[in-house]
Amino acid sequence: MEFWQKEAHRESSSTAAGADGKPEQILSATQLSQGFPNYISQSSCWGKSDSVWSDSCCSLCLLEELYFQLRTTVAFQSCFLLLQTARLLLRVQNSFPEVLIMAAIYRAAYRRAALFCRSHSTYIRKMRYLSKLKEDDILCRQAQTSGTFYIFHNLSPFLQKVGKKYLIPQLSAAAGALERSVVEAELKGSFTDLRKAFFVVDEKDSSLLASAQALLRWHDSHQYCSKTGQPTQKNVAGSKRVCHASGITYYPQMSPVVIILVSDGSRCLLARQASFPQGMYTALSGYCDVGEAVEEAARREVAEEVGLEVESLWYSASQHWPFPSSCLMIACHALVRRQQLEISVNSLELEEARWFGLEEIMEGLKREPRSAKQDNGSFLPWFPPKQAIAHKLINEWVKQQTSQPTQVL
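These figures come from a predicted structure and were not determined experimentally. (Residues numbered from 1 in each chain as written. Predicted model: local features only at pLDDT ≥ 70, side-chain atom pairs only at ≥ 80, totals over all residues. Heavy atoms only, no water.)

Visitor: Any chance you could explain the packing of aromatic side chains here in plain terms?
Guide: For any pair of aromatic rings, the description rests on two quantities: the centre-to-centre distance and the angle between the ring planes. This structure, assessed with the given rule, holds nine aromatic pairs. A ring pair is formed by phenylalanine 199 and tryptophan 321, whose centres lie 6.2 Å apart and whose planes are at 55 degrees; its orientation type is tilted. Pair noted here: phenylalanine 199 is in helix α7 (residues 194-200) and tryptophan 321 is in strand β14 (residues 310-321), with a separation of 122 residues, a long-range link. Each ring, one from phenylalanine 356 and one from phenylalanine 383, has its centre 5.8 Å from the other, and the planes form 85 degrees; the classification is edge-to-face. Taken together, the positions of phenylalanine 356 in strand β16 (residues 352-356) and phenylalanine 383 in the loop between α10 (358-366) and α11 (389-403) put the pair 27 residues apart, joining distant regions of the chain. We classify phenylalanine 356 as buried; its relative accessible area is 0%. Aromatic ring contacts, followed pair by pair, group Phe198, Phe199, Trp321 and Phe323 into a single cluster. Taking NZ or CZ as reference, arginine 272 lies 6.0 Å from the ring centre of tyrosine 281, over its face. (Phe/Tyr/Trp six-rings, centres within 6.5 Å; stacked < 30°, edge-to-face > 60°. Helix = DSSP H or I, 4+ residues; strand = E, 2+ residues; numbered from the N terminus. Buried < 20%, exposed > 50% of the residue type's maximum accessible area, 1.4 Å probe, protein only. Lys NZ or Arg CZ within 6 Å of the ring centre and 35° of its normal.)

So, in C-alpha cells, the structure goes:
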C-alpha cells in the first residue's frame, strides 16, 4: 500500500519563525494542493510488497507570505518616494551633471525595486526550495517528518464519500503496511480506480492524484536499467532513478500527444472509438512520432483518421493526462479546406466521426452521460467532462462561434 505525502515543511527556521521566534501557522494541506508542485519519495521498505510513498512539498507559512507582501509594498513605496524626489530635482536643477546624477539615481532605484521583488517572490522561493528537495536527500528526509499522506493501493487512490462529494482523506503520518480491508473499514471509504476518481474529486485534487499515480507507475516500470539489466536506485525525493553499474540516470517522462479540434468554420468535427462509453464523442488525438513537430503530428493525425487536410493550425493549451499512461496533451484548433469536407473515417482508428453544428454542441455540453440514453436504447451525443482538455477545446470553439457577428446575406 502506498502513501502519498503532502509535506508542509518550512524552508528554514529563520524564515518560518515570527518576530518572537515562535513557529507560525502552516498552510493547510488543502491550501498546499492548490499551488505547490509535488514530488515523490519512498521509505526504506522498497523491497516490500506494500510500500510507503511520500510527496515532499515545502510551503511558506501564511503569515510569512503576508510579511513578504508587506515588505514588497514598503520597498515599492520607498523607491516611489526616491523616484519622485529625483523627478523634482530634475525639474528644479538646470545643471547638466546633476541631471545625469539624478537619472542614475532613478535607474538604480528602479533596478533595486525590481531585484527586491524578484528575490522575495514567494513563488520563486517555493520553486527553488522544491528544486533543492529533488536533489538533496538529507533535506528531503527532514521534509518527510511532517505532512499529510494520500493513500494508494494498486495505483488506486483512497476516497471517502461525504454526501454527494468525494473527498481524499489525508493522514498525518504513515502507519506502515496495512491491509486494504482494515483501511477501508477504519477510514470509511474505498480504493477507487483513477479513471473514476479523476472525475469525481475537486479539480485541484484530480491533478495531484494524476501526478501521484504517474510517478508511482513510472517507478514500478523502471526498476531495472535498460542497458545493463541491473536494478536502479531511486533518490529520496523520487525525482530520478540511477543505475550505478552504467552511471545512467533515468527521469520520469511523459509521452507527447496532440489533440485537435477540427472545424470548417461553422461546424466542428468530433469522433469516437469503439472502446468509448456509449454516446461519447471527443476531439481527434494521437501520439507524436519520433522527430515530428507538433504541427506535423496534428496535420498527420487529421489526415490519417478522417481524411481531411488542415489549412491552418493554432495552439490552445496543454495538460498532463494519466490515461492510458502519463501523457502531455497538446491541444490545438485546426481549420480544414472548405473544398474538402467529406469525412473518410479510418476504421482501424475510429468507430465514427462526424460534423456537429453549434446548437448540437451546446446541447451536448449540458448533457450528463446518464441522461444520454434514450428509450429506444440509442444514445444522444455527450462530450468529455470539464477535467479533460477536450472539453476546453470544445468550449473555446463555442465561444468563438457565438462571438462572431451575424452576417446578413
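Next comes the rest of the description.
Visitor: Looking at this structure, how should I read the pairing of strand β12 (residues 268-272)?
Guide: Both faces of the sheet carry side chains from a regular strand, because those side chains alternate between them. Counting buried residues in β12 gives five out of five residues, a clear majority hidden from the surface. Residues of β12 alternate between two faces, with Cys268, Leu270 and Arg272 on one and Leu269 and Ala271 on the opposite face, all of them buried. For strand β11 (residues 255-263) and β12, the ladder comprises two bridges, and the chain directions are antiparallel. When the sheet's bridge partners are listed, valine 262 is paired in β12 with leucine 269. (Pairing = 2+ DSSP bridges.)

Visitor: Where do I start with the sheet that holds strand β10 (residues 248-250) in this structure?
Guide: Each strand in a sheet pairs with its neighbour through backbone hydrogen bonds, running either in the same direction (parallel) or in the opposite one (antiparallel). Taken together, the three strands give an open sheet; going across it, the order is β8-β9-β10, and neighbouring strands pair in antiparallel fashion. Only two strands of the sheet have a single neighbouring strand rather than two, namely β8 (233-234) and β10. Relative to β10, strand β9 (residues 241-243) runs antiparallel, the two sharing three bridges. Its bridge partner being in β10, cysteine 243 is matched across the sheet by isoleucine 248.

Visitor: For this particular structure, what's the right way to read the pattern of salt bridges?
Guide: Close approach of charged atoms allows side chains of opposite charge to pair. Within this structure, the stated rule accounts for 12 salt bridges. Of the charged contacts, one joins arginine 267 and aspartate 264 as a salt bridge, the two residues approaching to 2.9 Å between their closest N and O atoms. The partly exposed category is assigned to arginine 267, whose relative accessible area is 30%. Exposure remark for aspartate 264: the relative accessible area of 3% places this residue in the buried category. A salt bridge links arginine 337 to glutamate 309, with the shortest nitrogen-to-oxygen separation between them at 3.5 Å. Of this pair, arginine 337 sits in the loop between β15 (327-336) and β16 while glutamate 309 is found in the loop between α9 (294-306) and β14, placing the two residues 28 residues apart along the sequence. Sharing partners across several salt bridges, the network here consists of Asp289, Glu292, Arg300, Glu301 and Glu304. (Salt bridge = Lys/Arg side-chain N within 4 Å of Asp/Glu carboxyl O.)

So yeah, pure geometry; function would need other evidence.
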